[in-house]
Number of protein chains: 2
Amino acid sequence: MTKIKREVPVRIAGEDNPNTAVNRRRPGGRATLEDVARHAEVSTMTVSRALRDTSLVSPSARERIEAAVRELGYIPNRAARTLASARSKLIAVLVPSLSNAVFVETLAGVQDCVGPAGYQLLIGNTGYSPARQAELLSAYLAHAPDGFLVTGSDDTKAIREHLKTSGVPLVHMFDLAAAGEWSVGFSQRKAGHAIGAHLAGRGARRPGFIAAQLDPRTMQRRAGYRRALREAGLDAGLEILTKQPSSVDLGCTLLRSLLSEAPDCDAVFCCNDDLALGALFECQRLKIAVPRDLAIVGFNDLPFAAVASPSITTVATPRYAVGFEAARMLLQILDGIAPERNRIDLGFDLVVRESA
Amino acid sequence: MTKIKREVPVRIAGEDNPNTAVNRRRPGGRATLEDVARHAEVSTMTVSRALRDTSLVSPSARERIEAAVRELGYIPNRAARTLASARSKLIAVLVPSLSNAVFVETLAGVQDCVGPAGYQLLIGNTGYSPARQAELLSAYLAHAPDGFLVTGSDDTKAIREHLKTSGVPLVHMFDLAAAGEWSVGFSQRKAGHAIGAHLAGRGARRPGFIAAQLDPRTMQRRAGYRRALREAGLDAGLEILTKQPSSVDLGCTLLRSLLSEAPDCDAVFCCNDDLALGALFECQRLKIAVPRDLAIVGFNDLPFAAVASPSITTVATPRYAVGFEAARMLLQILDGIAPERNRIDLGFDLVVRESA
DNA sequence: CTGAAAGCGCTTACAG
DNA sequence: CTGAAAGCGCTTACAG
């Protein structure tokens, strides 16, 4: 006696499993491609084609398939698609922080670029930690992302090492990487230099620098800033650095430290706007007139900088564009189009306002 | 003549495909479970077990498997796991905004809770749009998330409708949903009431309200605030509302509108801290003493509120906890454990500072 | 503690 | 324009 193999699983209408706690294979009886095919009286292949590109299929088939999809509430299973096609339509994005508005806007740029192309984002927060970054890289590799977009918390070598064998393309954001790598950003060094030059140009005698986190990009800004001061014949030695995460609160604290170390300090470059806002608040508390007694410069041009009182002089960074262009570059690579350049420098703008 | 089917694909060492542009099935020849099994001289099942729970396997097998994994650089393919197990280990999180720091911190709470349990997040930004929310719900359903965490941009009914048939559990964040739904949040209405009562209590004669975005939660705060004013015998009619996205800049603008409409206004409840910061800056520009001439209250207690000058009176909201507890509730549901309560009220704190 | 079989729901690569 | 076959890389459900 032969067992009869049921080619088509029998679905009894209204056969709801009352015991929802039990983990059945198809919770809710979600419709599959096969269900749609049967309903539309075509093969699964035709449905598969119609779903990807309607022009691949005859109008009549297309109509029936669309009707079936609607009736069954069919939603494709991406895991199956990923497994079969070896394309996940997932892009992994690694940023050092999300409490920093800069990276939130970068993500918006990425999202706006890849969303219309049908990609989903896997967003990882490395917290500026190389170890965490390595972990995330591995974890995300398991999802077989089609590409990586990363703002490195440290050297790019470890990243390369990790991804090299996987063959997944990667574009660096903010770091203008070396040849042989893809990158979109701007020169942190030049930006820092522009600030140093501005401060020197407006007559600062004793400028100071306050910085938190001390990530690579901050240190590059510092290098440019120091060079500008030296070029202007000024001492670049006055600085308060801490590895603590940046915050407005910390800006207050660091400003106090700076002034206690150098009461004659007459200008301060804060490594970002949050710090600058804290410094400004602290000055208001201490009755220090800005910019008359102390000039303050921030970095990034976050939304509040323009409307603070006094408004804050800062460097406007193209963070949204960095995300968008890095994503575009990655998409080109994924589509097999060679981007014109392997590194795109988006530049920056020194925005001179009231505070310096 | 019979074709011989190769049971084991032959892999020739050093056989690198020079044409990396060609999209082969296995870019980089990523190792599979089968590769590991062969290397460790066990079956794929044993490897599968060892990977999930080492105690399921003999120590000797375990050792060989671990060695093989290391040597081959094996990284599991989650798409395959998802397809076979019907569990994606993905949690979809929908928030109305990422430029609002509140939701960034909520996401941090979610991440900190689900990360250790091996879940990845799919983060969707609805931009406060119900239409976008519906789109994202569908898009994410394709990824077969094990659960949803959402802060609704509108009514919860549409969400239910969408997810009902899918059987994917959902926990609401911030909205304390109706019975039969899972939710973690706090009473926006009571929080608004606390602010109204505080302003009345400190002698406000002509309080005003400024608000942006006008999402459901903002309107609930407004309702509580107005009731408190009425209870104190004050007029609740003075308000400037706009659907524009919230920003510090907008806070400046709305404050000016408020004062031009009611020059005798002596207290203002800003629906969030960004608006309050803008209002404060504008007062500084207009030489309006805060709180003497005008009291300012914000909402959320973002990091800058405590250190502004003057420091800003506001309501501290448990946003990190909302994310964490909502995630915990969801994880319990996924593990088949019934949470004690279906709605968790985390409360809030009125933080009285200098500005009001 | 271990393994052979079957299948998850799609797409690729052919063939017509 | 359409379809039958095979397979993507895992896990489930059995069986030992």
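Fair warning: this is a prediction, and the values are worked out from it, not measured in the lab.

Right, let's talk about the overall build of chain A for a bit. Helix and strand counts for chain A stand at 12 helices and 12 strands. Structurally, chain A occupies a C-alpha span of about 100 × 45 × 40 Å along its principal axes. Out of the 356 residues in chain A, the part that is buried amounts to 49%. For chain A, long-range pairs separated by at least 24 residues make up 69% of all intrachain contacts whose partners lie at least 6 apart in sequence. Charged side chains in chain A number 43 positive and 38 negative. The centres of these two groups are separated by 4 Å.

The next thing to look at is helix H5 (residues 101-114) of chain A. Under the 1.5 Å per step criterion, the end-to-end length of H5(A) is 20 Å for 14 residues, consistent within 8% with the ideal 20 Å. Where H5(A) is concerned, the buried positions are Val102(A), Phe103(A), Val104(A), Thr106(A), Leu107(A), Gly109(A), Val110(A), Cys113(A) and Val114(A).

The pLDDT averaged across chain A works out to 89; a share of 90% of its residues lies at or above 70. In this model residues 1-28 of chain A is a low-confidence stretch, pLDDT under 50, and it forms 13 contacts with partners more than four residues away in sequence or in other chains.

Residues and elements named next belong to chain B. Here helix H8 (residues 188-201) contains 14 residues, and its C-alpha end-to-end distance of 20 Å stays within 8% of the 20 Å for a straight helix at 1.5 Å per residue. H8 sits mainly inside the fold: 10 of its 14 residues count as buried. If you check which residues of H8 are buried, you get Gln 188, Ala 191, Gly 192, His 193, Ala 194, Ile 195, Gly 196, His 198, Leu 199 and Ala 200. Buried residues in H8 make contact with strand S4 (170-174), helix H9 (216-231), strand S8 (267-270), strand S9 (295-297), strand S10 (314-316) and strand S12 (349-351).

Next up on the list: the sheet that holds S9(B). All names here are of chain B. Taken in spatial order, the 4 strands make up an open sheet running S7-S6-S8-S9, and their pairing is parallel. One side of each edge strand has no neighbouring strand; the edge strands of this open sheet are strand S7 (239-241) and S9. Ignoring strand direction, the axes of neighbouring strands in this sheet form an average angle of 15 degrees. Where strand S6 (residues 207-211) and S8 come together, 4 bridges link them in parallel fashion. If you follow Pro 207 over to S8, its bridge partner there is Ala 267.

Contact residues are listed per partner, giving 46 residues for chain B and 46 residues for chain A. Summed over both sides, the interface of chain B with chain A buries roughly 3,700 Å², with 61% coming from carbon and sulfur. Here chain B and chain A share 0 salt bridges between them. For the side of chain B that touches chain A, the secondary-structure elements that each account for two or more residues are helix H4 (78-85), helix H5 (101-114), strand S2 (120-125), helix H6 (130-141), helix H10 (248-261) and helix H11 (273-286) of chain B. Among the elements that take part in the side of chain B that touches chain A, H4(B) stands out by supplying 6 residues, more than any other. Residues belonging to the side of chain B that touches chain A are distributed by class as follows: 26 nonpolar, 13 polar and 7 charged.

Quick look at the pattern of salt bridges now. The tally for this structure, following the rule as stated, stands at 34 salt bridges over all chains. In this structure, Glu239(B) engages Arg222(B) in a salt bridge whose closest nitrogen and oxygen atoms are separated by 2.7 Å. Placement of Glu239(B) in strand S7 and of Arg222(B) in helix H9 is noted, with a sequence separation of 17 residues between them. Take Glu239(B) and Arg222(B): they sit in the same class, and that class is buried. A single network of salt bridges, built from pairs that share partners, joins Glu34(A), Asp35(A) and Arg38(A).

Turning to the packing of helix H8 (residues 188-201) of chain A against helix H9 (residues 216-231) of chain A, a few remarks are in order. All names here are of chain A. Relative to each other, H8 and H9 sit at 40 degrees, their axes nearing to 6 Å. Classified by the interaxial angle, the pair formed by H8 and H9 is oblique. As for how H8 packs across H9, the hand of that crossing is right-handed. Seen from H8, the contacting residues are Gln 188, Arg 189, Gly 192, His 193, Ile 195, Gly 196, Ala 197 and Leu 199; seen from H9, they are Arg 217, Gln 220, Arg 221, Ala 223, Gly 224, Tyr 225, Arg 227, Ala 228, Leu 229 and Glu 231. The class makeup of the residues in the contact of H8 with H9 is 7 nonpolar, 6 polar and 5 charged.

All names here are of chain B. Strand order in the open sheet formed by 6 strands is S2-S1-S3-S4-S5-S11, and the pairing between neighbours is parallel. Either end of the sheet is taken by a strand with one partner, and the two such strands are S2 and strand S11 (343-345). Neighbour-to-neighbour, the strand axes of this sheet turn through a mean angle of 15 degrees, independent of strand direction. For strand S1 (residues 90-95) and S2, the ladder comprises 6 bridges, and the chain directions are parallel.

Let us now look at the relation of the copies chain B and chain A. After a rotation of 180 degrees and a shift along the axis of 0.0 Å, chain B superposes on chain A with an RMSD of 0.0 Å. Overall, the copies show the geometry of a two-fold rotation axis. For chain B, the smallest separation between a C-alpha atom and the rotation axis is recorded for Ala79(B), amounting to 2.3 Å. Most of the interface of chain B is mirrored in chain A, where 100% of its interface residues are also at the interface.

What follows deals with the packing of helix H11 (residues 273-286) of chain A against H11(B). At a minimum axis separation of 14 Å, H11(A) and H11(B) run at an interaxial angle of 45 degrees. With respect to their mutual orientation, H11(A) and H11(B) come out oblique. Crossing hand, H11(A) versus H11(B): left-handed. Contact with H11(A), carried on its side by Leu277(A), Phe281(A) and Gln284(A), involves Leu277(B), Phe281(B) and Gln284(B) of H11(B) and no other residues of that element.

Moving on, we come to unusual backbone geometry. With an omega of 10 degrees, the peptide bond running from Val290(A) to Pro291(A) counts as cis. The peptide bond linking Ser309(A) to Pro310(A) adopts the cis configuration, its omega dihedral lying at 0 degrees. Relative to the helices and strands, Pro310(A) is located in the loop between strand S9 (295-297) and strand S10 (314-316). Positive phi values are uncommon outside glycine, yet Tyr128(B) reaches one of about 65 degrees.

Each value, and the rule that gives it
- By convention here, each chain's residues receive numbers from 1 onward along its written sequence.
- Just so you know, chain letters begin at A and ligand numbers begin at 1, following the order they were written in.
- Only residues with pLDDT of at least 70 get local features here, since the model is predicted, and only at 80 or more are side-chain atom pairs given and counted; chain-wide, interface and lining totals rely on the full set of residues.
- Just so you know, side-chain values use all the structure's heavy atoms and leave hydrogens and water out.
- Comment: elements are numbered from the N terminus, with helices defined as DSSP H or I runs of at least four residues and strands as E runs of at least two.
- Here's how the labels work: a residue is buried when its accessible area is under 20% of the maximum for its type, exposed when over 50%, partly exposed in between, all with a 1.4 Å probe on protein chains only.
- Should any heavy atoms of two residues lie within 4.5 Å, those residues are counted as being in contact.
- Charge assignment: positive for Lys and Arg, negative for Asp and Glu; neither His nor the chain ends contribute.
- For charged residues, the charge sits on one atom: NZ in Lys, CZ in Arg, CG in Asp, CD in Glu.
- A helix is expected to span 1.5 Å for every residue after the first.
- pLDDT expresses, on a scale from 0 to 100, how confident the predictor is about each individual residue.
- Each pair of strands is called paired provided DSSP finds at least two bridges between the two strands.
- Think of each axis as a best-fit line through the C-alpha atoms, taken over the contacting stretch in the case of a helix, with angles from 0 to 180 degrees between the N-to-C directions.
- For any pair of parts, buried area is found by adding up, for both, the accessible area (1.4 Å probe) each one loses once the two are put together.
- Salt bridge, as used here: a side-chain nitrogen of Lys or Arg that lies within 4 Å of a carboxyl oxygen of Asp or Glu.
- Residues were grouped as follows: Ala, Val, Leu, Ile, Met, Phe, Trp, Tyr, Cys and Pro as nonpolar; Asp, Glu, Lys and Arg as charged; and all remaining residues, including Gly, as polar.
- Roughly parallel here means an angle under 35 degrees, roughly antiparallel means over 145, roughly perpendicular means 65 to 115, and every remaining angle is called oblique.
- Handedness of a crossing is defined here by the sense of rotation of the near helix relative to the far one, left-handed for an anticlockwise turn of less than a right angle and right-handed for a clockwise turn.
- Alignment of the copies relies on least squares applied to C-alpha atoms, considering only residues that score at least 70 for pLDDT in both.

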